[in-house]
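Observations on the model geometry
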Amino acid sequence: MENVNLFISVFIFILGACIGSFLNVCIVRMPQNKSIVFPSSHCVKCNKPLAWRDNIPLLSYLFLGGRCRYCREIFSVRYFVVELLTAALFVTLFLQFGFSWVLLAYMIMVGGLIISTFIDFEHRIIPDEISLGGIVVGVVLSIFIPQMHELEAWSLNIGKWMMWALVAICFLEIMIGFFLKKDSVGKDDLIFMAVVAGLLVVDRGVSFWAFSLKDTPQAALSLHLLSFQASLIGFLVGGGLIYAMGVLGDALFKKESMGGGDVKLLAMIGAFLGWKLSVLAFFIAPIFGAVFGIVEKIRTKDSAIAYGPFLSLGALISLLFGEAILAWVLGGYGIIYTNSLIPL
C-alpha cells in the first residue's frame, strides 16, 4: 500500500508541475487579455518558440540556468516557483484527501488561487475568469461531489442565519448610503443585489426540494441538493463578509478599502469550502496581510497591499488545518467541536 501511495504521489507531483507550467501561461497572459492557448510558449524577448525539451516543467529551467536557449534572456524565477508550488500543493492535497473526486475539486480551487495570487501581487487585479468562473465551478462540483461540504443540519442552519444576517447588513449599508449620504447606487451594487436576491430564492427552493425527498426512494438525491445549498451559503457568506467590510471601510476611511476582486475571490472560496472555512479564511488573512503591510509600509511608504494573496493563503490553511484550528479555538471556550463528513 505504501508503494502504491508513493507511486501516486510521484504521479501527482509530475502532474502538478505540468499544470503549474500552464498556470504560468495564465499568470502572464490573462492580465494582458491574451489567449492562453495560442500562440505556443515562446521567449518574450526574441519570440522564438520553445522546443519541447525547453518546456519540461522544473527540469528545463534548471538545465538552462533560467535562460532562453537562443537569446540568453533571463526568465523570471516565478516560472520555477509556480511549477514547484503547484506540484507540492497537489501532493499535499492527495496526502490529505486521498485519490478521490474531492481531491480533483480542491486541485481546481488551488490552481485558481495560485493564478490569482501571482497576478494580484504584480498587477493588483484578480481576473473575473478565475473568481467568477471559480464560483460557477465550485457550485457545480458541489452538486456532484457532496463530500466537499459538511451537510449536518446544525451547520447548514448556522450558515443560513449568518447568510441572512450578512445579506441584511449589506443591503442596509447600501440603503443608508443612498438615502442618508446621498451616495449613488452603482452598477456593481445593483448587480450584487439582483444576484443575491436570486440566490436567496434558489436557496429556499432547494431547501423545500431536499425536504420533500426525505424518506422517499430519491432520498439520496437530497445529499446532492444539500451540498448545492451548502455551496450557495458559503458563496454568499464569503462574499458577504468581504463586501460588508469593504462598505464599512469605505465609510470610515473615505476611500476604497476593499476591491471587488477580493469580494469575488472569497465568494469563490466559500463555494468550494462552505461557510465555516471561508469565515476562518476571512479571519486568518489579515494576520498575514498586516505583517506584510507593515513591512511594505516601511520599505516603500505605501500602505496599500494586494489582499487577494492573503485570502488565498487563509483558504489554504483553512482547507488543510481548518477543522483542527476550529476545534482548538472553540475548545478554549469549553466547546467540544466535532465534524461529521459523509464517508467517501
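Presented here is a report on the structure given in the accompanying data block.

About the cut-offs
- Residues numbered from 1 in each chain as written.
- Predicted model: local features only at pLDDT ≥ 70, side-chain atom pairs only at ≥ 80, totals over all residues.
- Heavy atoms only, no water.
- Helix = DSSP H or I, 4+ residues; strand = E, 2+ residues; numbered from the N terminus.
- Buried < 20%, exposed > 50% of the residue type's maximum accessible area, 1.4 Å probe, protein only.
- Axes fitted to C-alpha atoms, helices over the stretch in contact; angles between N-to-C directions.
- Parallel < 35°, antiparallel > 145°, perpendicular 65-115°, else oblique.
- Contact = heavy atoms within 4.5 Å.
- Nonpolar A, V, L, I, M, F, W, Y, C, P; charged D, E, K, R; others polar.
- Phe/Tyr/Trp six-rings, centres within 6.5 Å; stacked < 30°, edge-to-face > 60°.
- Lys NZ or Arg CZ within 6 Å of the ring centre and 35° of its normal.
- Salt bridge = Lys/Arg side-chain N within 4 Å of Asp/Glu carboxyl O.

The next subject is unusual backbone geometry. Note the cis peptide between Phe38 and Pro39, where omega equals -5°. If you check the backbone angles, Asn47 has positive phi at about 65° while not being a glycine. Relative to the elements of secondary structure, Asn47 occurs in the loop between helix H1 (2–29) and helix H2 (59–63). A positive phi angle is found at Arg124, which is not glycine, with a value near 60°. The topology assignment puts Arg124 in the loop between helix H4 (101–123) and helix H5 (128–144). Owing to a relative accessible area of 45%, Arg124 belongs among the partly exposed residues under this scheme.

Axis separation between H4 and H5 bottoms out at 11 Å; the angle between their running directions is 170°. The angle between H4 and H5 falls in the class roughly antiparallel. Seen from H4, the contacting residues are Ala105, Ile108, Gly112, Ile115 and Ser116; seen from H5, they are Ile130, Val137 and Leu141. Per-class residue counts for the contact of H4 with H5 are 6 nonpolar, 2 polar and no charged.

Another point: the packing of aromatic side chains. Under the criterion given, the structure shown has 7 aromatic pairs. Between Tyr61 and Phe80, the aromatic rings sit 5.6 Å apart at their centres with planes inclined by 35°, giving tilted as the arrangement. With Tyr61 in helix H2 and Phe80 in helix H3 (residues 78–97), the pair connects residues that are 19 residues apart, well separated along the chain. Just as Tyr61 is buried, Phe80 falls in that class too. Considering the side-chain rings of Phe97 and Tyr106, the 5.0 Å spacing of their centres and the 55° angle between planes classify their relative orientation as tilted. By relative accessible area, which is 4% here, Tyr106 ends up buried. Cluster of aromatic residues (ring-pair linked, three or more members): Phe121, Phe292 and Phe310. In this structure, Lys48 is placed above the aromatic ring of Tyr70, and the distance from its NZ or CZ to the ring centre is 5.6 Å.

All right, on to the pattern of salt bridges then. Per the stated rule, a full pass over the model turns up 5 salt bridges. Linking Arg69 and Asp54 is a salt bridge whose minimum nitrogen-to-oxygen distance equals 2.7 Å. Of this pair, Arg69 sits in the loop between H2 and H3 while Asp54 sits in the loop between H1 and H2; the two residues are 15 residues apart in sequence, bridging distant segments of the chain. According to the relative accessible area criterion, Arg69 is partly exposed, its value standing at 35%. Across the pair Glu296 and Arg299 runs a salt bridge whose closest N-O atoms are separated by 3.0 Å. Taken together, the positions of Glu296 and Arg299, both in helix H9 (residues 260–300) and 3 residues apart, correspond to about one turn of that helix.

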